[in-house]
Every structure is written in C-alpha cells, then in structure tokens.
Amino acid sequence: MTEKIGIVGAGIVGLAVARELAATRGAEVTVLEKEGRVAAHQTGHNSGVVHAGIYYPPGSLKARLCREGVALLKEYCAANELPYDEVGKLVIASTSAERPRLSALAERARANGVPGIAELDALALREIEPHAVGVGAIHSPHTAICDFPAVARRLALDVVELGGSVRLSHPVRAIRERPAGVQVLAGRRRFAFDRLVVCGGLWTDAVARMAGHPGDVRIVPFRGEFYALRGAAKDLVRGLIYPVPDPRYPFLGVHLTRQTDGEVLVGPNAVLALAYEGYRWRNIRNFRQILGWPGTLRMARQHWRTGLKEVHGSLSKRAFLRAAQRYVPELTSADLVRVPGGVRAQAVSRDGRLVDDFVVDVHGNVVLVRNAPSPAATSSLAIAKHIAGIVPALVR
Ligand SMILES: Cc1cc2nc3c(=O)[nH]c(=O)nc-3n(C[C@H](O)[C@H](O)[C@H](O)COP(=O)(O)OP(=O)(O)OC[C@H]3O[C@@H](n4cnc5c(N)ncnc54)[C@H](O)[C@@H]3O)c2cc1C
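About the cut-offs
- Numbering of residues starts from 1 in every chain and runs along the sequence as written.
- Owing to the predicted nature of the model, reporting of local features is limited to residues with pLDDT of at least 70; listing and counting of side-chain atom pairs is limited to 80 or more, with chain, interface and lining totals taken over all residues.
- To obtain the side-chain values, all non-hydrogen atoms of the structure were used and water was disregarded.
- Criterion used throughout: strands pair if DSSP finds at least two bridges between them.
- Each helix is a run of H or I in the DSSP string that is no shorter than four residues. Each strand is a run of E no shorter than two, and both are numbered from the N terminus.
- Angles run from 0 to 180 degrees between N-to-C directions of axes, and those axes are lines fitted to C-alpha atoms, restricted for helices to the stretch in contact.
- A cavity, in this analysis, means grid points on a 1 Å lattice covering only the protein atoms where a 1.4 Å probe fits yet has no way out; a pocket is instead an open set bounded by protein on both sides within 12 Å along at least five of seven lines, and a residue lines either one if it has an atom within 4 Å of a point.
- Grid points are joined across faces, edges and corners, and a volume is the space filled by probe spheres set on the points.
- To be near a molecule or strand, a residue needs just one of its heavy atoms within 4 Å of it.
- Pairs of N or O atoms within 3.5 Å make up the polar contacts considered here, provided that, within protein, one atom can donate a hydrogen while the other can accept it, and that residues adjacent in sequence are counted only when both atoms are side-chain atoms.
- In these tables, accessible area is a Shrake-Rupley quantity obtained with a 1.4 Å probe, and a residue counts as shielded only by the protein chains included in the view.
- Lys, Arg, Asp and Glu make up the charged group, whereas Ala, Val, Leu, Ile, Met, Phe, Trp, Tyr, Cys and Pro make up the nonpolar group; the residues left over, Gly among them, are polar.
- Any angle between 65 and 115 degrees counts as roughly perpendicular, while under 35 counts as roughly parallel, over 145 as roughly antiparallel, and the rest as oblique.
- In a left-handed crossing the near helix is turned counterclockwise from the far helix by less than a right angle, and in a right-handed crossing that turn is clockwise.
- Only heavy atoms enter the contact rule, under which two residues are in contact if any of them lie within 4.5 Å.
- Note on aromatic pairs: the rings of Phe, Tyr and Trp (six-membered ring only in Trp) are paired at centre separations within 6.5 Å, and the planes decide the class, stacked below 30 degrees, edge-to-face beyond 60, tilted for the rest.
- The buried label goes to any residue with under 20% of its type's maximum accessible area, the exposed label to any with over 50%, and the partly exposed label to all in between, with areas taken from a 1.4 Å probe on protein chains only.

Asker: Go over the sheet that holds strand β3 (residues 49–50), please, and point to the residues and values.
Answerer: Taken in spatial order, the three strands line up as β3-β8-β4 in an open sheet, and their pairing is antiparallel. Of all the strands in the sheet, just β3 and β4 (84–85) have a single pairing partner and so form its edges. In terms of strand pairing, β3 meets strand β8 (residues 144–146) through two bridges, oriented antiparallel. Considered in β8, the bridge of Val49 is made with Ile145.

As structure tokens, this is what we get:
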C-alpha cells in the first residue's frame, strides 16, 4: 500500500520535503498550507542569497546542509531554468579591531569547504566592489543569488507532477496521533496520514502544541526591515556586501544585496516582533505567547543594548543609512526607499539562548522542524534529504 504523508507548510522547506518524499519513497504526499499561495511568509520575504557556508560552526547541521544545499539548488535552478547568479560576496572589516574576527571567519569558511575564499586588503576589495571601503575583506566568489519564491513554485509543481497535492487555504486546526497514523483537520476537511512532517515556520509552536509535543524551545519572531536603492545608486553595488557579523548572534548585520531582478536591498535589521506575522510595529497580536515564554525575557535581559540599537535603526532612516554608509560611503538618504520586510522564525531556549543550529525532532509518527532559520532556504533541498532519512519507515 502507498505510504501517505502529510506536510504542514508550503514554504520552501515543506515543499522540498514533500517533493523528496514523493520522489524517493514513492509516498503519496499532501501539503497543507493556510495561506492562498505558496511562499507566503519567510520564503517570500528574504534576502535571496544562496549562502556559501562561511559562517556556520564546522560539523553543525547548518554547515553540512548548507554546502550540500548549495550544490543541489544550483543544479535544480539550472535544470528548471530558474535564475541563479554567482555574483560573489565580500565580508568587509571596517576597522582593524574587526580583522581577527575576519581571519577566523576565513578559516571557518575553508574548514566548511567553501570554494575560492580569498583574503583581500583595502585596495584589492575595491577591485571587486569599486564603491566599497574597508580595511580588509574576505571574498567568496561563488556566493550566489536566486529567486526563492520561484524555486518554491517550481517545487509545488513537481509535487503535483509526482502525484501529490498542494492544498492552499487549508489551515491545520487539529492533529490527533493514533498508533497507526495521524489524523489532521485542515480547513473543513479531515485527512488520515501515516506520517506528518511539520514545516510551519513562524507558527511551529502552535502546530507542535496541536500534535501534543510543545517541546523545550519556542519560536521568537524577529522582524527584518529593508530599504531598496533607487535609480543610479543601484550601480554602487555589484554583488553582495556584508559586515563582519557579531558572533553572539545568528543574524548577519545590515548588508547590501543585489537581487535577481536587478534591485539592490539594504537590510535586514533584527527587531523583536510581538506577533508571529509582525510585519509591522503595530501588530502585537501574539505578545502574550511571545513574552510569556521565559526565554524571551531572559534573552532580552542579556541583549538589551543590541535590542535598543536595532529599535533605533528601525525607527530612524538615518541610522539605517549610517550602517550602509560604513561600507558604501557614497550612499545618501535620497538613495534609500523603504520596501516590505520579512519576519524570521528563530527558536529560543528556556534560558534565553538563540538556538543556532537547525533542529528537527521525531515524535512517533510526527516529525517537527523546530528551527529552520537562515540559511534554510539555501539548504532546503538538503534539509529535505535529511528529513526523508529520518521520517520513520512504514512497517505493514
Ligand atoms: C528577512 C529574512 C532574510 C532572510 N535571508 C535569507 C537568505 O538570504 N538566504 C537564506 O538561505 N535564508 C534566508 N532567510 C531564511 C529563510 O527565508 C527561511 O529559513 C526559510 O524560508 C524557511 O522556510 P520554511 O518553509 O521553513 O518557512 P516559511 O517560508 O515561513 O513557511 C512556513 C509555512 O507554513 C505555513 N503554516 C504555518 N502554520 C500553518 C498551519 N497551521 N496550517 C497550514 N500552514 C501553516 C505558513 O503559512 C508558511 O507558508 C531569511 C529570512 C528572513 C525573514
């Protein structure tokens, strides 16, 4: 009998998992998505960067699945004629105090097998990005950009071509686990699956609770706001310009990123949001759940200085501009126009730690993706293979 597997969430991770399970296990897959389109949340609101694997601790899931994911994604985009452009990335040290961290990053990138990493001085970095400044940089020539929503739409087509279905406007409302399988109420329909894989992004906790597995981390949403460069200012950036990240955080700092459609984004910052879909300040719909998690306040206590700086950057265009001018001084306020941002789903532990690595849990017939922040879009095809390997096989 054909194995029936339900997947919650039609973001890039859920769709990649569905395609992988249908293609390699011959499963009959059904993707349940609450919105009326695929890629409605994180997958459709990000920087569009195919990360090369520079930042992640060697041996971590992020390091391994990012490198594997890049290769799979590059091949997938080529096979499906989707945009994929190796525009290259500079990570720039703007003071000599940042140099040791830059060298450590170069070492880590090499340990992760990132190809072509070069350490550049102030002059050499301008050969790559003529309008950028800094005391030194590392160059990753194969870091790329792609169109993640287009990848997600193509994955959804693959799922259907493999005999599965993608049911939009089907919010999962209840989950009941039985010894023989999982019953799911989505929209007004009931589904019976042998296995369920939850890739709910910002809403992971709600779905995990429905399944009876609340777990010991919670999603805390961080809004990432963006500006876009206007007119001729777009020519000031050829590829991707990043700061040296603060090793205390999984966020990479405000960066300048060329997009596949020719736009150049500046951002994102990282502001604690009080709603899972907190795309705007005034949305505080989930403040009780978010502030009710002890880890949120512990995290806020540990990082309040950075938090205040991020809030200032969010409210003041000038602060945002200053962050960008540190790397591209020719930019002016008139060059920046506000564009819609995204919200990151970041798992935080009870003691206030920002969980760095990807986390996937198996509970009987239910597999829960608990933490899939950046670079999960880059890594999605490799995450799918990883999950297909741990979804318990059916014994009949
Ligand atoms: C500002 C920003 C910049 C980023 N930049 C990059 C980058 O450059 N490169 C990179 O690799 N990654 C980046 N990321 C991270 C990347 O976007 C995410 O890691 C990735 O998209 C996660 O995919 P997902 O499928 O897990 O989540 P999502 O895309 O959020 O999908 C989850 C889906 O689950 C659905 N859902 C939730 N609850 C239910 C329910 N009850 N019933 C049915 N459906 C439900 C949601 O509607 C949603 O569509 C960035 C993220 C942000 C926010």
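Asker: Mind laying out the sheet that holds strand β2 (residues 28–32), listing which residues take part and the relevant values?
Answerer: In space, the six strands of this open sheet follow the order β9-β2-β1-β13-β21-β20, with mixed pairing throughout. Both outer strands of the open sheet, β9 (165–167) and β20 (359–363), are each paired with one neighbouring strand and no more. For this sheet, the mean angle separating the axes of adjacent strands, direction not counted, is 20°. Pairing of strand β1 (residues 4–8) with β2 involves five bridges; the strand directions are parallel. Residue Ile5 lies in a different strand from β2, and its bridge partner there is Val29.

Asker: Describe the layout of surface pockets, listing the residues and the values that go with them.
Answerer: The volume enclosed by the second largest pocket comes to roughly 1,300 Å³. Lining the second largest pocket we find 43 residues, and of these Ala270, Thr306, Gly307, Lys309 and Glu310 sit closest to its centre. Among the elements of the structure, β14 (217–229), β18 (271–272), α8 (294–302), α9 (304–315) and α10 (317–325) are those that each provide at least two residues to the lining of the second largest pocket.

Asker: Kindly report on the pairing of strand β10 (residues 172–178), identifying the contributing residues and their values.
Answerer: As paired elements, β10 and strand β11 (residues 181–186) share six bridges and run antiparallel to each other. What sits directly across from Arg178, in β11, is Gly181.

Asker: Now, about the site of the ligand: what can you tell me, with residues and values included?
Answerer: Looking at the ligand, there are 39 residues lining it, with Glu33, Thr43, Val49, Ala372 and Thr378 nearest. In this structure, a nitrogen atom belonging to the ligand sits 3.4 Å away from a side-chain N or O atom of Ser374. Ala377 places a polar main-chain atom, nitrogen or oxygen, 3.5 Å from an oxygen atom of the ligand. Within the complex, the protein chains bury 97% of what would otherwise be the 1,000 Å² of accessible surface of the ligand. Elements with a minimum of two residues in the shell around the ligand: α1 (12–25), β19 (336–349) and α11 (376–390). Residue composition of the shell around the ligand, by class: 19 nonpolar, 16 polar and four charged.

Asker: Which residues make up the packing of α1 against helix α5 (residues 148–161), and what are the values?
Answerer: Between α1 and α5, the least distance of the axes is 9 Å, while the angle of their chain directions is 30°. By the criterion of interaxial angle, the relationship of α1 to α5 is roughly parallel. Crossing handedness for the pair α1 and α5: left-handed. Contact with α1, carried on its side by Ile12, Leu15, Ala16, Ala18 and Arg19, involves Phe148, Val151, Ala152, Leu155, Ala156, Asp158 and Val159 of α5 and no other residues of that element. The residue makeup of the contact of α1 with α5, split by class, is ten nonpolar, no polar and two charged.

Asker: Please give an account of the packing of aromatic side chains that cites residues and values.
Answerer: Per the counting criterion, the structure on display carries five aromatic pairs. Judged by centre distance (5.0 Å) and plane angle (55°), the ring pair of Phe222 and Phe251 falls under tilted. With Phe222 in strand β14 and Phe251 in the loop between β15 (240–243) and β16 (255–258), the pair connects residues that are 29 residues apart, well separated along the chain. On the basis of relative accessible area, Phe222 is assigned to the buried category, the value being 7%.

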